[in-house]
Amino acid sequence: TWDASRLVVHVKPDGNEAEDGLTWPSARATIGSAIEVATSTADTAILGARGGEIWVAGGSYAGAVEVPAFVQLYGGFDGTEENRYERDFNINETTLDGGGEVSVVRFGNSGYRVSRLDGFVVQNGGLYRAGLFSTNLADYKLGQGGGILSWVGGPEIVNNLVQQNAVGNPYSALYPEFERGGGIAGFVSTAVLRGNTIQDNEVWDNEDGRGGGVYFQKSAPMILSNTIQRNHAENGAGIYIDGDAQTRSYVGQNRIE
């Protein structure tokens, strides 16, 4: 037998990178550094396993986040909670802002349901233009998953608002594989998308753009009880699931507009 308690690392906008992050008073200032704490701290009771929960207080956090296996990100705290269930992500809005970088949150080789993103606003992955064309090619970003990308893994993506992200280029079809999934994309992914609002995301390719809100390829996702609205793409404005991945996917009880 062993103690199954989880390591918890705290983050708040006025945190201090010199602190250990193990309490709210000693919270870190960035999510990336908190992940470093979680993945470098061995739980000796579980034979050196590394990982844990990252509790993030309300506020805005800039830059892309890489989430490895065995790390779960939870937003929506006010910075006083002792238990996760005390948080309120509707009141304590916690924003991950990509600042134009694709993707804002990236899960790579993240295992099967051992990583998580829960209770965040994910926005400004790529350069969202609300449908307005620009003749400046610098106003467009190629990539998959403007907001969130799951690459070979099965993260749980729950209770998030994914909005105003964009990928693609309307003037060139040279790299169509990088014009997929304005909001969320997955490749060889068993991601679970549940209880999210995915809205106002776009794919800029008027020939082969796919998945304005959600795109999956060679995957078996579960897409359940989400609101998917006002997304734009030439093919599959709401959801586009490529090829034989359609037969391995579960899509149900979503509101798609």
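Residues numbered from 1 in each chain as written. Predicted model: local features only at pLDDT ≥ 70, side-chain atom pairs only at ≥ 80, totals over all residues. Heavy atoms only, no water.

Glancing now at the overall build of the protein chain. Looking only at helices and strands, the protein chain has 2 helices and 26 strands in total. A globule of 257 residues ought to have a C-alpha radius of gyration of about 18 Å, and the protein chain, at 18 Å, matches this closely. Projected onto its principal axes, the C-alpha coordinates of the protein chain cover approximately 55 × 35 × 30 Å. Within the span of the protein chain, comprising 257 residues, buried residues form 51% of the whole. By element, 50% of the accessible surface of the protein chain is carried by carbon and sulfur atoms, the whole surface being about 11,400 Å². Looking at charge distribution, the protein chain has the averaged site of its 18 positive side-chain charges lying 5 Å from that of its 31 negative ones. (Helix = DSSP H or I, 4+ residues; strand = E, 2+ residues; numbered from the N terminus. Rg over C-alpha atoms; globule rule 2.2 N^0.38 Å. Buried < 20%, exposed > 50% of the residue type's maximum accessible area, 1.4 Å probe, protein only. Areas by Shrake-Rupley, 256 points an atom, 1.4 Å probe, with all protein chains shown as cover. Lys, Arg positive; Asp, Glu negative; His and termini not counted. Charge placed at Lys NZ, Arg CZ, Asp CG, Glu CD.)

Next up on the list: the packing of aromatic side chains. Applying the stated criterion to the full structure yields 7 aromatic pairs. Where Trp151 meets Phe187, the ring centres are 4.5 Å apart and the plane angle is 25°; that geometry is what we call stacked. Of this pair, Trp151 sits in strand 13 (residues 148-158) while Phe187 is found in strand 17 (residues 184-189), placing the two residues 36 residues apart along the sequence. Relative accessible area serves as the criterion here: at 19%, Phe187 is assigned to the buried category. Members of the aromatic cluster, each reached through a chain of ring pairs, are Phe133, Tyr140, Tyr171 and Trp204. (Phe/Tyr/Trp six-rings, centres within 6.5 Å; stacked < 30°, edge-to-face > 60°.)

This paragraph deals with the sheet that holds strand 11 (residues 121-123). Pairing is parallel in the open sheet, where 7 strands are placed in the order 5-8-11-14-19-23-26. Every interior strand has two partners, whereas the edge strands, strand 5 (59-62) and strand 26 (255-256), have only one. Taken together, the 3 bridges between strand 19 (residues 197-199) and strand 23 (residues 227-229) define a ladder with parallel strand orientation. Of the residues in strand 23, the one forming a bridge with Gln199 is Gln229. (Pairing = 2+ DSSP bridges.)

Topologically, Arg210 is positioned in the loop between strand 20 (202-204) and strand 21 (214-217). For Arg210, a relative accessible area of 17% translates into the label buried. At 3.1 Å, the side chain of Arg210 forms a polar contact with the side chain of Asp208. If near-sequence neighbours (up to four positions away) are discounted, Arg210 is found in contact with Glu179, Arg180, Gly181, Val203, Tyr215, Ala233, Asn235, Tyr240 and Asp242. (Polar contact = N/O pair within 3.5 Å; in protein donor to acceptor, adjacent residues only side chain to side chain. Contact = heavy atoms within 4.5 Å.)

Per-residue pLDDT for the protein chain has a mean of 91; in total, 95% of the residues score no lower than 70. pLDDT under 50 marks residues 44-48. Its contacts with residues more than four places away, or in other chains, come to 6 contacts. (pLDDT = per-residue confidence, 0-100.)

With that settled, the discussion passes to the environment of Glu53. As for its position among the elements, Glu53 is in strand 4 (residues 52-57). Among the residues examined, Glu53 registers a relative accessible area of 8% and is labelled buried. The contacts of Glu53, once residues within four sequence positions are left out, are Arg6, Leu7, Val8, Val9, Gln72, Tyr74 and Arg84.

A separate point is the pattern of salt bridges. Tallied over the entire structure, the rule returns 12 salt bridges. Salt bridges linked by common partners bring Arg87, Arg116, Asp118 and Glu156 together as one network. (Salt bridge = Lys/Arg side-chain N within 4 Å of Asp/Glu carboxyl O.)

Taken as a class, soluble globular proteins show a tendency for nonpolar side chains to be buried jointly. Ile31, Ile54 and Leu73 are the most contacted members of the largest nonpolar core, which has 41 residues in total. At the level of secondary structure, the elements contributing two or more residues to this core comprise strand 1 (8-11), helix 1 (31-40), strand 4, strand 6 (65-67), strand 7 (71-77), strand 9 (105-108), strand 13 and strand 21. Top contributing element to this core by residue count: helix 1, with 5 residues. Leaving out residues up to four positions away in the same chain, Ile31 has contacts with Val11, Val56, Tyr61, Val65, Leu73, Leu96 and Phe120. (Core = buried A, V, L, I, M, F, W, Y, C linked by side-chain atoms within 4.5 Å.)

Locating Arg50 in the fold gives a position in strand 3 (residues 49-50). The class of Arg50 is partly exposed, set by a relative accessible area of 44%. Residues Arg50 and Val37 lie 13 residues apart in sequence; the distance between their C-alpha atoms is 9.5 Å.

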